[in-house]
Amino acid sequence: MSRIAYVNGQYVPVSKAMVHIEDRGYQFADGIYEVCTVVNGRYWDMEGHLARLDRSLRELQMDAPMDHAALRVVMKEVVRRNRLKNALVYMQVTRGVAPRNHAFPPEGTPPSLVITARRFNLNRGDALAESGVSVISHPDIRWGRVDIKTVGLLPNALAKQAASEAGAYEAFLVRDGYVTECSSSNAWIVDESGALVTHPKGNTILGGITRQTAIACAEELQIKVIERPFTLEEAKAAPEAFLTSATSFVTPVTAIDGVRIGSGKPGPVARRLREAYKARAARG
Ligand code: PDD
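It should be emphasised that the depicted structure is a prediction, and the values quoted were computed from it without experimental measurement. Each chain carries its own residue numbering, running from 1 in the direction its sequence is written. For a predicted model such as this one, the threshold for reporting local features is a pLDDT of at least 70, and the threshold for listing and counting side-chain atom pairs is 80 or more; totals across whole chains, interfaces and linings nevertheless cover every residue. Note that water and hydrogens are dropped before the side-chain values are worked out from all heavy atoms of the structure.

A. Highlighting a nonpolar patch on the surface. A patch consists of residues exposed above 30% relative accessible area that lack any salt bridge, with like charges linked at up to 9 Å and nonpolar side chains (Val, Leu, Ile, Met, Phe, Trp, Tyr) linked at up to 5 Å. The Shrake-Rupley method, run with a 1.4 Å probe, gives the accessible areas here. Residue values count only the displayed protein chains as cover. Only one rule defines a salt bridge in this text: a Lys or Arg side-chain nitrogen within 4 Å of an Asp or Glu carboxyl oxygen. A cluster of nonpolar residues, Ile141, Leu154 and Leu158, forms a patch on the protein surface that exposes about 330 Å² of accessible area. Remark: exposure states derive from per-residue accessible area (1.4 Å probe, protein chains only) relative to the maximum for the residue type, with buried under 20%, exposed over 50%, and partly exposed in between. For Leu158, a relative accessible area of 46% puts it in the partly exposed group.

B. Structural detail: the nonpolar core. Membership of the largest hydrophobic core comes to 25 residues, with the highest contact counts inside it found for Tyr43, Met75, Val79, Val89, Met91 and Ile115. For this core, the elements supplying multiple residues, two or more each, are strand S3 (31-39), helix H2 (46-59), helix H3 (68-81), strand S5 (87-94) and strand S6 (112-119). In this text, helices come from DSSP runs of H or I with a minimum length of four residues, and strands from runs of E with a minimum of two, each type numbered from the N-terminal end. The element best represented in this core is H3, accounting for 5 residues. In what follows, residue pairs with any heavy atoms lying within 4.5 Å of each other are defined as contacts. In this structure, Met75 is in contact with Cys36, Tyr43, Met46, Val89, Met91 and Ile115, ignoring residues within four places of it in sequence. Think of a nonpolar core as a cluster: buried Ala, Val, Leu, Ile, Met, Phe, Trp, Tyr and Cys residues, connected wherever their side-chain atoms sit within 4.5 Å. Of all hydrophobic cores here, the second largest spans 24 residues; its members include Tyr33, Ile223, Phe242 and Ala276.

C. Looking closely at the pairing of strand S14 (residues 240-245). For S14, the buried fraction is high: 6 of the 6 residues fall into the buried class. Along S14, one buried face is formed by Glu240, Phe242 and Thr244 and the opposite face, lined by Ala241, Leu243 and Ser245, is buried too. By the bridge criterion, 5 bridges tie strand S10 (residues 186-190) to S14 in an arrangement that is antiparallel. Following the sheet pairing, Ile189 is matched in S14 by Ala241. Strand pairing is assigned whenever DSSP identifies at least 2 bridges connecting the two strands. With 5 bridges joining them, S14 and strand S15 (residues 249-256) adopt antiparallel strand pairing. By the bridge assignment for S15, Phe242 is matched with Pro252. Linking S14 back to S15 in an antiparallel pair, the connection comprises 3 residues.

D. Geometry of H2. Helix span is expected to be 1.5 Å times the residue number reduced by one. Here H2 spans 20 Å end to end across 14 residues, near enough to the 20 Å set by a 1.5 Å rise per residue. Listed as buried for H2 are Met46, Gly48, His49, Leu50, Arg52, Leu53, Ser56 and Leu57. On its buried side, H2 packs onto S3, strand S4 (42-43), H3, S5 and helix H6 (209-220). Directly beyond the C-terminal end of H2, a positive phi value near 50° is found at Gln61.

Put into structure tokens, the structure is as follows:
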């Protein structure tokens, strides 16, 4: 069975799914995206992802391709047509097709919408969480508005490639000595008192939806959360570190640049938080 994608009003086999060469997403990275997961047929954190989609559109003065109700229908349909129970759903909106010109195209140019889904392997994530993952540090060379979830991800791709070449799972991005986030996830440490520490929201990190839900889970578990920048040195000396994203949930980090974190095994705080996150997401 071939995979099916939604492209501008049509469901088409992925091999035939095309966008125009003058799409602004292709030429200027003038587009935004969301990634969310479907577990046992249920969308996790869908509200949060749709709210962030709206925010990204607003920040870039981009038109919405359709309203939330319609988007939900299309997302469900893509998952259904691909016969997936556990899925990773990718949704991308660009400013549409127009002859190449940096300034925005004429008002009324329809935005492009692409939605794809692929199988989400839950067991792989659980296995990684059991073993813990290693990360490298990498300079954060991104632009000044990474709070907007744009498809302009070249610095992120370079960082992930560096991690991959080093045999690591992720890269902790470092700016002025401080860890902002990772190439495709948010970065956290646990301090000596057992509190969670993560970079505050603002223009220098993406406000992760999983980050937001993890904060709510920590509150439920009565674990203190401190939103403040932390240094790479602090992270290396921390009892625990972990990362969060829609696809990795809460994944313990057991080494940074080859330096063992805590005991070198996933710590109790990250484990509890992962379980709480999964339970909360499954409740919907
Ligand atoms: N990445 N920071 C960055 C730079 C990200 O790209 C992501 C998500 C996150 C975590 O956000 P959330 O919890 O909403 O997934 C943080 C997705 C998964 C991706 O690009 O594939």
